[in-house]
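Structural features, examined
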Amino acid sequence: MARFEEADKRLFINVWICMKCNAKNRSGTGKPRKCRKCGSQRFRLKHKVKKSASKGK
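Our subject in this report is the structure included herewith. Keep in mind that this is a model prediction, so the values were computed, not measured. (Residues numbered from 1 in each chain as written. Predicted model: local features only at pLDDT ≥ 70, side-chain atom pairs only at ≥ 80, totals over all residues. Heavy atoms only, no water.)

1. Some details on the sheet that holds strand β3 (residues 43-45)
- Strand order in the open sheet formed by three strands is β2-β1-β3, with antiparallel pairing between adjacent strands. Only two strands of the sheet have a single neighbouring strand rather than two, namely β2 (24-26) and β3. Each adjacent strand pair in this sheet contributes to an overall mean axis angle of 40°, direction not counted.
- One ladder, built from three bridges, connects strand β1 (residues 15-18) with β3; its direction is antiparallel. (Pairing = 2+ DSSP bridges. Helix = DSSP H or I, 4+ residues; strand = E, 2+ residues; numbered from the N terminus. Axes fitted to C-alpha atoms, helices over the stretch in contact; angles between N-to-C directions.)

2. Describing the nonpolar core
- Trp 16, Cys 18, Ala 23, Cys 35 and Phe 43 form the largest nonpolar core, which has five residues in total.
- What Trp 16 contacts, discounting residues up to four positions off in sequence, is Ala 23, Lys 24, Asn 25, Ser 27, Gly 30, Lys 31, Pro 32, Phe 43, Arg 44 and Leu 45. (Core = buried A, V, L, I, M, F, W, Y, C linked by side-chain atoms within 4.5 Å. Buried < 20%, exposed > 50% of the residue type's maximum accessible area, 1.4 Å probe, protein only. Contact = heavy atoms within 4.5 Å.)

3. Looking at a positive patch on the surface
- Where like charges cluster on the molecular surface, the positive patch consists of Arg 10, Lys 24, Arg 26, Arg 36 and Lys 37.
- Along the chain, Lys 37 falls in the loop between β2 and β3. (Patch = residues over 30% accessible without salt bridge, like charges linked within 9 Å, V, L, I, M, F, W, Y side chains within 5 Å. Areas by Shrake-Rupley, 256 points an atom, 1.4 Å probe, with all protein chains shown as cover. Salt bridge = Lys/Arg side-chain N within 4 Å of Asp/Glu carboxyl O. Lys, Arg positive; Asp, Glu negative; His and termini not counted. Charge placed at Lys NZ, Arg CZ, Asp CG, Glu CD.)

4. Re the pairing of β1
- Burial of the side chains of β1 extends over both faces: Val 15 and Ile 17 are buried on one face and Trp 16 and Cys 18 on the other.
- Where β1 lies against β2, three bridges are found, and the strand directions are antiparallel. Bridge pairing in β2 links Trp 16 to Asn 25.
- Between β1 and β2, which pair antiparallel and follow one another directly, the connecting turn spans five residues, one of which, Asn 22, has a positive phi of 65°.

The values are spatial; any link to function lies outside them.
Shown next as C-alpha cells:
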C-alpha cells in the first residue's frame, strides 16, 4: 500500500505521544499542555516511519 503526502500529514503532523501512558494527543498549535488521559506534561513527537532502501541483487 503506497503512502502519500496527505496521509503523512494526517498521521504525523501535530501528533504528540505521552511518555508516561503512551496516549496520542493531537494539538493544533504546538505542544499540548497536558495529557488527556493521565495529566502528565511530558511529550514526544510521534516517530515517523523511515523509507527503507530497496533490496536489490
